[in-house]
Amino acid sequence: MNFDQILKEIQKEIAPLFKEGQVANYIPALANVNPNQFAMSLQLFDGTSHHIGDVDTEFSIQSISKVYTFTLALHLYGKELYKNVGHEPSGNSFNSLIQLEYEHGIPRNPFINAGAIVTTDLLMNTYKDETFAKILSFIQEVCDDEKITYDKEVAFSEKEHGYRNLALINMMKSFDNITNDTHNVIADYFKHCSISMNTKQLCRSMLFLANHGIDPINNKQYLTSSQAKRINSLMLTCGHYDASGDFAFQVGLPGKSGVGGGIVAIVPGVMALSVWSPQLNKKGNSLIGTKALELFTTKTGLSIF
Ligand code: GLN
């Protein structure tokens, strides 16, 4: 398959969409990003990769970080994890409070904010003050790139304006589903959301999920095959919040988005791919990114369905 040609076609076909969508503005530091950017990268098992657009530009990975934290927690705690966080789509927005109260502080899944905050708290039970350092070094390891770090300005901005996330963590604490100090947990949550990466790094880092938990390039095992299957199914059913069904319908791949405009997707047994374009649709997912992935699976037939 001529992937470079396909990426060129996609870049051309998404161009008219730059007039639509809006960058995330509830985190002021993200509102300043130039909206007219686009990058797409594919990482194959043999180490080869294909790229187009602003592929060296780093962006805030935001909720995509929830895949790494959940991977770490699943590795540490296995099925025990599901006592504190579910595995069912929420059908609500990523920062919704409503369901959390009537479901007694147990978030529906690890990919909405409440679920990722609980995951960070669980990691803190083991890693204590080292929690964020462990998360960052895990991301550097799966990406095979020690330069990856977080953006202090974005983390500060999230903290200054994180009223909803503070409400979520306090609600969960009231139901005894948070063990550690809420301020420490939320600070680490904001830091991991503020990690910056480019599309090249992003798809490289998720390759293990396309290969039953084992990185096919260096043979490092991060998860069991069964655990990797669970993460892929959660990405398919919950990776795009209340637009997860729509993403599965349009794209047909497990994927995870973030309000920085990034999306990572998995073609099991074949590749990991990533796309970035900062303008979001109404559900908080990259508008052009979703379209680009839809075009990719339509043109290549590489969807799981
Ligand atoms: N850091 C963001 C928040 O907590 C993550 C949201 C997202 O990417 N959907 O609101």
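The structure we're discussing is the one just above.
Residues numbered from 1 in each chain as written. Predicted model: local features only at pLDDT ≥ 70, side-chain atom pairs only at ≥ 80, totals over all residues. Heavy atoms only, no water.

### A closer look at the nonpolar core
What tends to happen in soluble globular proteins is that the nonpolar side chains get buried as a cluster.
Point 1. Core analysis: the largest hydrophobic core is formed by 63 residues, its most contacted members being Tyr 68, Ile 117, Ile 195, Met 197, Met 206 and Leu 209.
Point 2. Residue contributions to this core peak at 8 residues, all from helix H5 (residues 113-127).
Point 3. Leave out the neighbours within four places in its chain, and Met 206 touches Ile 64, Val 67, Tyr 68, Val 264, Ile 266 and Ala 272. (Core = buried A, V, L, I, M, F, W, Y, C linked by side-chain atoms within 4.5 Å. Buried < 20%, exposed > 50% of the residue type's maximum accessible area, 1.4 Å probe, protein only. Helix = DSSP H or I, 4+ residues; strand = E, 2+ residues; numbered from the N terminus. Contact = heavy atoms within 4.5 Å.)

### Some thoughts on the packing of aromatic side chains
Given two aromatic rings, one states the distance between the centres and the angle between the planes to describe the pair.
Point 1. Under the defined criterion, the tally for this structure stands at 10 aromatic pairs.
Point 2. Relative to Trp 276, the ring of Phe 59 has its centre 5.0 Å away and its plane inclined at 5 degrees; by these criteria the two rings are stacked. Of this pair, Phe 59 sits in strand S3 (residues 59-60) while Trp 276 sits in strand S8 (residues 271-276), placing them 217 residues apart in sequence.
Point 3. Their ring planes at 50 degrees and their centres at 5.1 Å tell us that Phe 94 and Tyr 241 sit as a pair that is tilted. You can see Phe 94 sitting in the loop between helix H3 (65-77) and helix H4 (98-102) and its partner Tyr 241 sitting in the loop between helix H12 (225-238) and helix H13 (244-250), a full 147 residues away along the chain.
Point 4. Of the aromatic side chains, those joined through ring pairs into one cluster are Tyr 26, Phe 94 and Tyr 241. (Phe/Tyr/Trp six-rings, centres within 6.5 Å; stacked < 30°, edge-to-face > 60°.)

### Regarding the packing of helix H6 (residues 131-143) against helix H9 (residues 182-193)
Point 1. It is the contact of H6 with H9, at a shortest axis distance of 10 Å, that shows an interaxial angle of 20 degrees. When the axes of H6 and H9 are compared, the pair comes out roughly parallel. Relative to H9, H6 is oriented so that their crossing is right-handed. Where H6 approaches H9, its residues Thr 131, Phe 132 and Ile 135 are matched on the opposing element by Asp 188, Lys 191 and His 192.
Point 2. In terms of residue class, the contact of H6 with H9 is made up of 2 nonpolar, 2 polar and 2 charged. (Axes fitted to C-alpha atoms, helices over the stretch in contact; angles between N-to-C directions. Parallel < 35°, antiparallel > 145°, perpendicular 65-115°, else oblique. Left-handed = near helix turned anticlockwise from the far one by under 90°. Nonpolar A, V, L, I, M, F, W, Y, C, P; charged D, E, K, R; others polar.)

### Some points on the pattern of salt bridges
Point 1. Scanning the model with the defined rule gives 10 salt bridges in all.
Point 2. Linking Glu 141 and Lys 220 is a salt bridge whose minimum nitrogen-to-oxygen distance equals 3.4 Å. One end of the pair, Glu 141, is in helix H6; the other, Lys 220, is in the loop between helix H11 (207-210) and H12, and 79 residues separate them in sequence.
Point 3. Taking the relative accessible area as the measure of exposure, Glu 141 reaches 35% and is therefore partly exposed.
Point 4. When the shortest N-O distance is used, the salt bridge between Asp 215 and Arg 204 registers 2.9 Å. With Asp 215 in the loop between H11 and H12 and Arg 204 in helix H10 (residues 199-205), this residue pair connects regions lying 11 residues apart in the sequence.
Point 5. Judged by its relative accessible area of 1%, Asp 215 falls in the buried class.
Point 6. It is possible to trace a salt-bridge network through shared partners that takes in Glu 9, Glu 13 and Lys 299. (Salt bridge = Lys/Arg side-chain N within 4 Å of Asp/Glu carboxyl O.)

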